[in-house]
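# A structural walkthrough
One letter stands for each residue in the lines below.
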Amino acid sequence: MTSSSQYKDSGRAGLEDVDEFVDILEERRRSSDLGYAFRTFNPQPYKGAPSCSTADLNKAVLESQYLSYMAKEIAMETGSSVEEVREEVCGILEEMSQNLQLGFIRMMAYTLSKVFKRLFTSILVNMEGLNMLQQAVQESPVILMPNHRSYMDFLAISYILFTYDIPVPVIAAGIPLAGMKMVGEILRRSGAFFIRRAIGSDKLYWAVLSEYVKTIVRRGFAPVEFYVEGLRSRTLKSLLPKLGMMHMVLEPFFKGEVYDITLVPISISYDRVLEESLLAHELLGVPKPKESTTGLLKATKVLQENYGSMHVNFGRPLSVRQLCHGKINRCQFNLVPRDLPQQPSAEAQACVSWLAHLMVRIQEEGLLISPWSLMACMLLQAPTTVLTEEGLLWHQLTEKTLWLRKLALDFGARLNWPGQVPDSDVISSTVALHCSVVQRKAGRVYLVQENEPLRKCPISPEDGVIRMAAPLLMLASYRNQSMHVFVRPAMLATAIRVTESTQRDELFSFFCFLQDVFSNEFIFIPGKSPQDFEEACVLLKKCGAVNFSQQEVMVLDAGSEVLSFLQALLQPFIDSYQVMFRYLCEEGVHVLSEKQFLPAVRNLATELILSGELCTYEALSSDMQKNVLSALRRLEAVTKLRASEQNEYRVNKAAVRRIGDILSRKIPPQMLQTTPDARL
Amino acid sequence: MNVLSTCAASACQQAVCRALCSVVTKGNIVGVPVGTHPYHKFEIMKWNGWGYSDSRFLFNKKGQAEFTGKRYRLSGMIIPGLKDWFEGTFGANLQHKTPPTPLLTNTAVPPATLNEAFVEEVKSTGIPFSHDAEDRVFRAHGHCLHEIFALREGKIGRVPDMVVWPSCHNDVVKIVQLACKHNVCLMPYGGGTSVSSALECPPEETRSIVSLDTSQMNRILWIDEKNLTAHVEAGIVGQDLERLLNESGYCTGHEPDSMEFSSLGGWVATRASGMKKNIYGNIEDLVVHIKMVTPQGVIEKSCQGPRMSTGPDIHHFIMGSEGTLGVVTEVTMKIRPMPEYQKYGSVVFPNFEQGVACLREVAKQRCAPASIRLMDNEQFKFGHALKPQVSSIFTSFLDGLKKFYITKFKGFDPNHLCVATLLFEGNREKVLQHEKQVYDIAAKFGGLAAGEDNGQRGYMLTFVIAYLRDLGMDYYVIGESFETSVPWDRVLDICRNVKARIIRECKDKGVQFPPLSTCRVTQTYDAGACVYFYFAFNYRGLSDPVHVYEQVEHAAREEILANGGSLSHHHGVGKLRKEWMRDTISNVGMGMLKSVKDYVDPNNIFGNRNLL
C-alpha cells in the first residue's frame, strides 16, 4: 500500500496482503454455545502481572500519591476539607469502576453467541492480527483501539478475545450505559468502566479517571480498550481523535512506569450497521433515545433483520517506545516527583496528538470496503430526482460500481468483495441486504422513502425534504465508509479544478487549504501535509489521471473520468460548507449559539434544496454543521465567547467570506497564502 | 602519634630502591615490596584478565567448575552447579572455546616514543622508571570489557611510553615539574581497576605519555589516635591499608569491591564508595585532608578542621577529578577502632518489589546495617549456582529442607523470589539488637531470614565475581557490570526498564542467545539507592561482539538516564561516559570544571582526557 509505506519510518507497517479472515461464528453454528461459554478460559496476561481484584485496584487508586496531592490542592481551592474531597473521590470511583468477573464474561459469551448468530452472516477476524495480539499481550500492557461505529463494537471484541483465550479487556464506556437497569451492572462485570460525558473542567473527576486508567495500565492485568474517536461516529466516518484518554494511557510510558506499551488499532467494518436509521435521524435533529433497558428491549426488532458480515481487523501491535523514539524526552520527569499534578509539556502534547491521529489513520487503512459503500459513492452522484422518481438503470449502477472497484484497488483499498461469486450476484445481494435504503424494480434502482403513517393533512414541502433526507444521509454514511480511500486524491482533483493550475506549489497550497477547512471531516496527521499531497499525486498517477514532476502536475486526457468522479465526491462537502458560510455572513448574524445555528442552517438548506439551488442534502446533517463551527474556530473565523455558558460564538464575517471565496474560486489561488498549520 | 613499623620497612625498601634506581630493565629491580603490588605487576597478576595469576575459574576434565589458587575461601573448591547454570543461562557449550592469546608478544606493542631530555632528567633524580613492553601494556588499560577483550586477542593500542614509580610526595613533585618542563603527558596510575576507560591513552596524544604508577607510595605515615585519623600515602591499595591498620586495632571501613587492588588515590580521584558506607561513609566522608601535586604546585588545606566554611570545598575539585588535574599523593583519613563483632545475614523475599520496599523502609528508619544488598531473582539463581560442593550429607539435607520450606511451605515462587544479604558490625549487643530490628522490618514485607551462610557467601562472591568474567570469555561469553544511583520511587522502574532494554537491544543487535540481564540494589541512602546491573551474553555468531556489547551498554545507559538515574554512582566518567557529561551537569557546570582545569593545568600535562 502506498500510504502505509510512507509511515514505515515511524515504526508502523501496513498489512501488505489482505489476511486470511476466519469466520468465528462458523464454529458456533456447529457446536454447543453452552459448552463454549463454560470451557476452560486460560489467558496468558502480561508477564509478571498478577491478577488484580476490583478492590485492590480501587485501593491502589485511592491511596495513590497523585490523588493525595490533588485532594489537597482541590480542598485548598474549594475550601472544603481533604476528607470531604476524599469522599467525593470514593464516590466517583464507585460510579466509575469496572468489576470484571469471569462468570459474567461466560454469560455474555453465551448470550452474544445467540445474538450474533441471528444478526450476522459471519464475523470475520484476521487470524494473523489475533495471533500477534496474543503474543503482544504477554509482553507489555496492551491498549486496544477500535474504531466506533456501532454499539456492537466492544461486545464483539470482548467476545473474540474470550474465544481466543486472550485476557478480556477493561473498556472505557460512556456513563449513560451505566444507568441502564441490569445492563449497566452486566457491562460493569464484563469489564466496562464508565466515564461521564462532558467532564469539562471538573478537575477532581479528571484526576480520578486518569489515575484509574494509569493504574490499570501500570498493573497490566488486562488490556485497556477505548475509542480514540471518543464517540460513536454518526456518519461512519472517522472522527477527530480525542486526546484525554490517550494521554492517560501513554503517561505510564513517558514516566518510565512501564517499559513499553503496545497499541493495537482495530478496524471494524460492517456490511450494514444496526443503528443505520437511528443515526440518520439523529443527524437530522431527532434526538438520540436515552439508553435504557426498555429501549433495548424495544430494539429487539432489529434482531429480526440480517446485517450481513462484520469484519474485525486486528492491526499490527505497535510499540509506543518505538513510535515515540526521538519524540519524547523521558528525562523531563527527572527533577519533579512523577506523581505531582502537572500540565503535560508541549512536546508530550504534540506526541500524543500525533499518535492519536496516526491510530485513526491506521484504523482507516485496516477497514474493509464493502461493495455497498462503493455503490453509495456512485448513487450519491446521481441527481436526486433520478433516485426518487426515474430510477437509476441497474446495469449503469453495476458498471460504475465495477469501475470504482478498480479505482479503489488502485488506491490501495482493502475490499470485501466476494471472489468466487459473479459480480452481478454480488451487486444484487448487496442491494438486497440494503433494502432499507434502495430497491430494485424493473431494471432500475430507487431510493426507499420512509413510509410515514397516513396523515390527515398533506405533508409540507419542508417535511418532504426531511423525509427524503433520511435515506440520503444513510447513503452518505455508507459512502463515508470509503472516503478515506479517496479523500487525498479527491482534494488534489478539486485543487486542480478550482485553481486551474498545473504548478505544484499552487496546488499544494490549495490542497493544504482544503485540509484545513475540512480538518473535522477527514482526519489527517498533523504536520504531514506534504506527505498527504505526495500520496495524492502518486495515486492519481497510478490510475493514469495525471503525470507529475518536481514542479508540475499535468492532467492526462484519460484522467477526466477519475478526476470528475473525485471532484464530485467532495462536492457535497464543499456545497454544504458554502451554505453554512453563507448563513454566517448574512446580515444580523454577529453572535450566535450552537442551539440557534443548527436549526437556522437547517432552514436555510431546506429552502435552498426546495429552490433547486442546493443539490446535496448533507447540509442538513447536524454533524457537518458542528464540524463547520469547529473548523472555523480553529481557523479563527469564529471565536467562542469566554463568558458564555451556552457555547456562543462571535463571527468574523470577513474571514468567513474569504474562506468561502477561496473555496469558490472568487479569490485566485495565487493570492492564497499557505496558512500555517493550525492543527498542530 | 604512632609511628608504625611499616614506615620503617618502607623506608628501608626505599633505600634499596634508591640503590638500584637508575636501572630500567625488568629483573634488575629486586626490592621486596611491603605492599601487595610489586613494580612489575604482571609477575603476580594476569596481564589480560582480572586479579592474581594463580586464581582463576576453569572447567576441569570432568567438566566441573573449580576455582584455583589458595587466596580465597572458594579457592580449590569444586562448584558443581556452575556448569549447568552457565550452559543453561547463556546457551554456552564447553566444547566451544575462545582461549586468549597466551603470551604478550613484544612486537604487538608500539615502540615507545621517549622524550629523551625528560628521561635523562628523571634518571638523574634516581626515581625508578621503565619502558619495558610488559610494564607499559599493563598500565594502558583498566578492566572494561573492550579493554580485556582486546588484550586477550593480543591487540594493543596506544600504550604509555614509559612508567615511573615515585616513592613519596617529593618524587611526584619532581616528576610533575619535569613533565611540565619537557611537555610530556602524565597519566596517574593507581590500582588499575578502572571501568570507565580512564586509563586508555588518548590515541590523538602526540607527546610522550608517562604513566605515573603510585604503587610504591604505600606507607601509612602516621596514625593519630586522639583524633582517630591516619595519614597515608595515596598509592596504598585497600587490602594493605586495612591489614596494616588492623595491626594497630583500627580500620577505615572503606571496602569497595575492588579493594584488593584499588588504591587510596584512585578512590579519591573517582569518588569511590565502599560496601560498608552506611557506617563509615563514602570516600568524601572519610577524607580529612588531601595533598595533590598539580602543574601549578601543591594543593592542600592548612588545617584538619572537621568541617570548614571557606568557600566551595577544594577537596571537591580533587575528588572525582579522575587524574585530570594532578596526582593525589597523601591523604589524611578517618579511622575507627576495629569492630568488636561482625555478623552476616540474609533475607529471602517473595519478589523483588517486596525486597525493594523493605530496603526503602530500612533507609527510612535509618537503620541500615553496615551493608544491605538486594539481589534480583536471576542473581539469586546465579549465587546459588556458585555454591561450592558441600562436604556433608547433612548440609545438603539441610539445604534441601530450607528450599522446601521456602518454596513449598511458604509458597515463594523460585522464579520470583530474591534475596538480601546483610552485614552487621559493632558491639555484640547492639548488633543483635540491630539485627532484630532489621529482620522485623523484613518480616513486614514477607521476608524470611535465610541464614548467615547465604549472606557471607554473597559477600565473598563479590571478590570472585570479577574472575568469572574471564571464565565466560573462555567460552564465548562476554559481560560487564555498570551502576547508577536513583531516587527511591524510581528504583523498581529503572531496574525493570533497564533490564528489559538490555534484552531488547541484544535481540535487535542480532545476539543469538538470550542475555543475562540482572541487577541488584547495593546501597541505600536517605533519598535513593545505588543500583548495579550485570549484563552478559553468548556472542557466538556475531562478527564484532565488542561493538554489539558497547552498543547495548550505551543503550542501557540512555535508559538509565531516561529513568532518572545518574550517570555514575561511583565508577566515574572516564572516557566511556564523557558524552553525557554536559547533559548531566549543565553547560555552566562544564564551564566551571573547564576553567578549573585551564587554570590548574593549562598545558594539559595531565592529559588522560577523562571527564570533560
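About the criteria used
Residues numbered from 1 in each chain as written. Chains lettered and ligands numbered in written order. Predicted model: local features only at pLDDT ≥ 70, side-chain atom pairs only at ≥ 80, totals over all residues. Heavy atoms only, no water. Helix = DSSP H or I, 4+ residues; strand = E, 2+ residues; numbered from the N terminus. Rg over C-alpha atoms; globule rule 2.2 N^0.38 Å. Contact = heavy atoms within 4.5 Å. Areas by Shrake-Rupley, 256 points an atom, 1.4 Å probe, with all protein chains shown as cover. Buried < 20%, exposed > 50% of the residue type's maximum accessible area, 1.4 Å probe, protein only. Lys, Arg positive; Asp, Glu negative; His and termini not counted. Charge placed at Lys NZ, Arg CZ, Asp CG, Glu CD. Pairing = 2+ DSSP bridges. Axes fitted to C-alpha atoms, helices over the stretch in contact; angles between N-to-C directions. Core = buried A, V, L, I, M, F, W, Y, C linked by side-chain atoms within 4.5 Å. Buried area = accessible area lost by both parts, 1.4 Å probe. Salt bridge = Lys/Arg side-chain N within 4 Å of Asp/Glu carboxyl O. Polar contact = N/O pair within 3.5 Å; in protein donor to acceptor, adjacent residues only side chain to side chain. Nonpolar A, V, L, I, M, F, W, Y, C, P; charged D, E, K, R; others polar. UniProt positions renumbered as here; feature names shortened; annotations may be inferred. Arc of directions from axis to C-beta. Expected span 1.5 Å × (residues − 1). Phe/Tyr/Trp six-rings, centres within 6.5 Å; stacked < 30°, edge-to-face > 60°. Lys NZ or Arg CZ within 6 Å of the ring centre and 35° of its normal. Patch = residues over 30% accessible without salt bridge, like charges linked within 9 Å, V, L, I, M, F, W, Y side chains within 5 Å.

Looking only at helices and strands, one finds 19 helices and 21 strands in chain B. The C-alpha radius of gyration of chain B comes to 24 Å, within 12% of the 25 Å expected for a compact globule of 612 residues. Its C-alpha atoms give chain B principal-axis dimensions of roughly 75 × 60 × 50 Å. For chain B, contacts bridging at least 24 residues in sequence account for 76% of all contacts bridging at least 6. Working note: accessible area of chain B is about 24,400 Å², and carbon and sulfur atoms make up 54% of it.

Glancing now at the overall build of chain A. Secondary structure assignment for chain A yields 29 helices and 17 strands. A compact globule built from 680 residues should have a C-alpha radius of gyration of about 26 Å, and chain A, at 25 Å, falls within 12% of that. Each principal axis of the C-alpha atoms in chain A carries an extent, and together these give about 65 × 60 × 60 Å. The 680 residues of chain A split such that 57% are buried. Accessible surface, chain A: about 28,300 Å² in total, of which carbon and sulfur atoms supply 54%. Averaging the locations of the 72 positively and 75 negatively charged side chains of chain A gives two centres separated by 2 Å.

Turning to the sheet that holds strand 17 (residues 648-651) of chain A, a few remarks are in order. Residues and elements named next belong to chain A. Taken in spatial order, the three strands make up an open sheet running 15-17-16, and their pairing is antiparallel. Both edges of this open sheet fall to strand 15 (591-593) and strand 16 (638-640), since each of them pairs with a single strand only. Ignoring which end each strand starts from, the neighbouring axes of this sheet average 30 degrees apart. The pairing of strand 15 with strand 17 spans three bridges and is antiparallel.

Attention now goes to the pairing of strand 16 (residues 371-375) of chain B. All names here are of chain B. Where burial is concerned, most of strand 16 is hidden: five out of the five residues are buried. On strand 16, burial covers both faces: Ser371, Arg373 and Met375 on one face and Ile372 and Leu374 on the other are all buried. Pairing between strand 16 and strand 17 (residues 418-426): five bridges, direction antiparallel. The partner of Leu374 across the bridge, within strand 17, is Ala420.

The next point concerns the nonpolar core. Membership of the largest hydrophobic core comes to 165 residues, with the highest contact counts inside it found for Phe116(A), Phe120(A), Leu133(A), Phe314(A), Phe486(A), Leu540(A) and Leu566(A). Element by element, the count of residues in this core is highest for helix 26 (residues 560-585) of chain A, at 15 residues. Sequence-distant contacts of Phe486(A), that is, excluding residues within four places in its chain, are made with Leu374(A), Leu404(A), Leu407(A), Ala408(A), Phe411(A), Phe565(A), Leu566(A) and Leu569(A). In terms of nonpolar packing, the next biggest core, distinct from the first, is built from 95 residues, Ala133(B), Phe261(B), Ala363(B) and Met460(B) among them.

Before going further, it helps to spend a moment on the interface of chain A and chain B. Taken together, the contact pairs 12 residues of chain A with 13 residues of chain B. For chain A, the biggest contributors to the area lost against chain B are Tyr259(A), Arg330(A) and Arg338(A); these three give 49% of the whole. On the surface where chain A and chain B come into contact, there are four salt bridges. The closest approach of N and O atoms between Arg338(A) and Asp493(B), which form a salt bridge, is 2.8 Å. Inspection of the region where chain A meets chain B yields 11 residue pairs in polar contact (both at pLDDT 80 or more). Partitioning the side of chain A that touches chain B into residue classes produces five nonpolar, two polar and five charged.

What follows deals with the UniProt feature "domain: FAD-binding PCMH-type" (unreviewed entry) in chain B. Sequence positions flagged by UniProt for "domain: FAD-binding PCMH-type" (unreviewed entry) are, in local numbering, residues 156-338 of chain B. In residues 156-338 of chain B, the share of helix is 23% and the share of strand is 25%. The end C-alpha atoms are 44 Å apart.

Attention shifts here to helix 21 (residues 423-433) of chain A. All names here are of chain A. Buried within helix 21 are the following residues: Val426, Ile427, Thr430, Val431 and Leu433. Take helix 21 and look down its axis: the buried residues cluster within an arc of 160 degrees, on one side only. Residues of helix 21 that are buried sit in contact with helix 18 (371-380), helix 20 (394-410) and strand 11 (438-441).

Let us look at the pairing of strand 3 (residues 142-146) of chain A. Residues and elements named next belong to chain A. Of all five residues in strand 3, five are buried, a share of seventy percent or more. What you see with strand 3 is no split at all: Val142, Leu144 and Pro146 on one side and Ile143 and Met145 on the other are buried throughout. Pairing between strand 3 and strand 7 (residues 262-270): five bridges, direction parallel. Within the sheet, the bridge partner assigned to Val142 lies in strand 7 and is Thr262. For strand 3 and strand 6 (residues 224-225), the ladder comprises two bridges, and the chain directions are parallel. Considered in strand 6, the bridge of Leu144 is made with Glu225.

This part takes up helix 27 (residues 594-610) of chain A. All names here are of chain A. Under the 1.5 Å per step criterion, the end-to-end length of helix 27 is 24 Å for 17 residues, consistent within 8% with the ideal 24 Å. Buried residues of helix 27: Phe597, Leu598, Val601, Arg602, Leu604, Ala605, Thr606, Leu608 and Ile609, and no others. In this structure, the buried side of helix 27 is in contact with helix 14 (276-283), helix 22 (461-480), helix 26, strand 15 and helix 28 (622-634). Positive phi shows up at Gly612, right after helix 27, with a value of about 85 degrees.

Let us look at the packing of aromatic side chains. Residues and elements named next belong to chain A. Summed over the entire model, instances satisfying the criterion amount to 40 aromatic pairs over all chains. Ring geometry for Phe510 and Phe513: centres 5.5 Å apart, planes at 50 degrees, overall tilted. Taken together, the residues Phe510 and Phe513, both in helix 24 (residues 504-517) and three residues apart, mark about one turn of the helix. For Phe513, a relative accessible area of 6% corresponds to the buried category. Among the aromatic residues, those joined into a ring-pair cluster are Tyr36, Phe41, Phe116, Phe120, Tyr159, Phe162 and Tyr270. Above the face of the Trp394 ring, Arg440 is positioned so that its terminal group lies 3.7 Å from the ring centre.

This part is about the pattern of salt bridges. When their charged atoms lie close together, side chains carrying opposite charge are able to pair. All names here are of chain B. Within the structure shown, the criterion is met by 68 salt bridges over all chains. Between Arg207 and Glu205 there is a salt bridge, with the nearest N and O atoms lying 2.8 Å from each other. Exposure remark for Arg207: the relative accessible area of 14% places this residue in the buried category. The closest approach of N and O atoms between Asp313 and Lys301, which form a salt bridge, is 2.9 Å.

Time to look at the UniProt feature "site: Important for enzyme activity" (unreviewed entry) in chain B. Residue and element names in this part refer to chain B. Per the UniProt record, "site: Important for enzyme activity" (unreviewed entry) is annotated on Arg373. Here Arg373 shows up in strand 16. When sequence neighbours within four positions are dropped, the list of residues in contact with Arg373 reads Asp257, Met275, Val419, Ala420, Thr421, Tyr459, Thr462, Arg520, Val521 and Thr522. Of note is the side chain of Arg373, whose polar atom sits 3.1 Å from the side chain of Asp257.

Right, let's get into a nonpolar patch on the surface. All names here are of chain A. Together, Leu34, Phe38 and Tyr110 give the surface a local cluster of nonpolar side chains, amounting to about 320 Å² of exposed area. Along the polypeptide, Leu34 turns up in helix 3 (residues 33-37). Overall, Leu34 belongs to the partly exposed group, its relative accessible area being 47%.

A few words on a negative patch on the surface. There is a patch of like negative charges on the surface, built from Glu462(A), Asp463(A), Glu586(A), Glu587(A) and Glu607(A). When you line up the elements, Glu586(A) lands in the loop between helix 26 and strand 15.

Okay, the environment of Lys594(B) next. All names here are of chain B. Here Lys594 shows up in helix 19 (residues 581-600). You can call Lys594 partly exposed: its relative accessible area is 34%. For the pair formed by Lys594 and Phe382, sequence separation is 212 residues and the distance between their alpha carbons is 44 Å. If we ignore the near neighbours within four places in the chain, the residues touching Lys594 are Arg582 and Leu612.

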